[in-house]
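Now for the letters of each chain:
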Amino acid sequence: MKSFITTLILLSSVLLLSLLNCRYVNAVADDLYTMIDELPPIGDARTLQAAKEIKEFWEKEEMLVELTVSYPFVDRISEQAALLAASAQAKDLYGFESARTLLFDAVKDMRRAEQFSFENLF
């Protein structure tokens, strides 16, 4: 009976940690979505600062996110955030819009990979 109770406690702990991780990753993804959606167009004076803020926000959160999210997802977001900032610096309209779209897709892929579902648990 002790082993059964211990097993239930361990299973509950794993499920709780999985749920907390899912909530954290989704919160980071929501913040990134908001920041990407609020990016001013390339001709705006605030564009470079906003793009740098996205990159800095991701660099701050990256260390915790990469503990549970696989590296290809993390690397893709890092690359696109850096490219977005570089394109804003160079005032490259097509590079900026491409990086913006690809960054949004990378965040969406990370969120989908880390969603809380039966398939993702086992």
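Residues numbered from 1 in each chain as written. Predicted model: local features only at pLDDT ≥ 70, side-chain atom pairs only at ≥ 80, totals over all residues. Heavy atoms only, no water.

Visitor: I'm lost on the pattern of salt bridges in this one. Help?
Guide: When their charged atoms lie close together, side chains carrying opposite charge are able to pair. Per the stated rule, a full pass over the model turns up 7 salt bridges. For R111, the salt bridge identified is with D30, shortest N-O distance 2.3 Å. Of this pair, R111 sits in helix α4 (residues 93-113) while D30 sits in helix α1 (residues 2-37); the two residues are 81 residues apart in sequence, bridging distant segments of the chain. Looking at D30, the relative accessible area reads 36%, which means it is partly exposed. Across the salt bridge formed by E97 and R100, the nearest N and O atoms sit 3.9 Å from each other. (Salt bridge = Lys/Arg side-chain N within 4 Å of Asp/Glu carboxyl O. Helix = DSSP H or I, 4+ residues; strand = E, 2+ residues; numbered from the N terminus. Buried < 20%, exposed > 50% of the residue type's maximum accessible area, 1.4 Å probe, protein only.)

Visitor: Help me understand helix α3 (residues 71-90), please; the structure alone is not making it clear to me.
Guide: Because each turn of an α-helix spans 3.6 residues, side chains separated by three or four positions end up pointing in the same direction. Compared with the 28 Å implied by 1.5 Å per residue over 20 residues, the 28 Å span of α3 between its first and last C-alpha is a close match. Here α3 has its buried residues at V74, I77, Q80, A81, L84, A85, S87 and A88. One face of α3 carries all of its buried residues, which in axial projection span an arc of 165 degrees. Exposed residues lying more than 90 degrees from the buried face of α3 are Y71, P72, E79, Q89 and A90. Contacts made by the buried residues of α3 are with α2 (47-65) and α4. (Expected span 1.5 Å × (residues − 1). Arc of directions from axis to C-beta. Contact = heavy atoms within 4.5 Å.)

Visitor: So what exactly am I meant to see when it comes to the packing of α2 against α3 here?
Guide: The angle between the axes and the distance between the axes are what describe a pair of packed helices. At their nearest, the axes of α2 and α3 sit 8 Å apart, and the two run at 160 degrees to each other. It follows that α2 is roughly antiparallel to α3 by the angle criterion. In this structure, α2 crosses over α3, and the sense of that crossing is left-handed. Residue-level contacts link T47, L48, A51, K52, I54, K55, W58, E62 and V65 of α2 to V74, I77, S78, A81, A82, L84, A85, A88 and Q89 of α3. Tallied by class, the residues present in the contact of α2 with α3 amount to 12 nonpolar, 3 polar and 3 charged. (Axes fitted to C-alpha atoms, helices over the stretch in contact; angles between N-to-C directions. Parallel < 35°, antiparallel > 145°, perpendicular 65-115°, else oblique. Left-handed = near helix turned anticlockwise from the far one by under 90°. Nonpolar A, V, L, I, M, F, W, Y, C, P; charged D, E, K, R; others polar.)

Visitor: Would you explain the nonpolar core in this entry?
Guide: One recurring pattern in soluble globular proteins is that nonpolar side chains are buried together. Residues W58, L84, V107 and M110 are the most contacted members of the largest nonpolar core, which totals 26 residues. Every element with two or more residues in this core is listed here: α1, α2, α3 and α4. Contact partners of M110, with chain neighbours within four places excluded, come to V25, A29, W58, V65, V69, F73 and I77. (Core = buried A, V, L, I, M, F, W, Y, C linked by side-chain atoms within 4.5 Å.)

Visitor: Is there a simple way to think about the packing of aromatic side chains in this case?
Guide: Given two aromatic rings, their pairing is described by the distance between the two centres and the angle made by the two planes. Tallied over the entire structure, the rule returns 1 aromatic pair. Note on Y33 and F104: the rings are 4.7 Å apart at their centroids and 40 degrees apart in plane angle, and the pair reads as tilted. Here the residue Y33 occupies a position in helix α1, and F104 occupies one in helix α4, the gap between them amounting to 71 residues. Of the residues examined, Y33 reaches a relative accessible area of 14% and is grouped as buried. Relative accessible area serves as the criterion here: at 29%, F104 is assigned to the partly exposed category. (Phe/Tyr/Trp six-rings, centres within 6.5 Å; stacked < 30°, edge-to-face > 60°.)

Read these as spatial facts, not as claims about activity.
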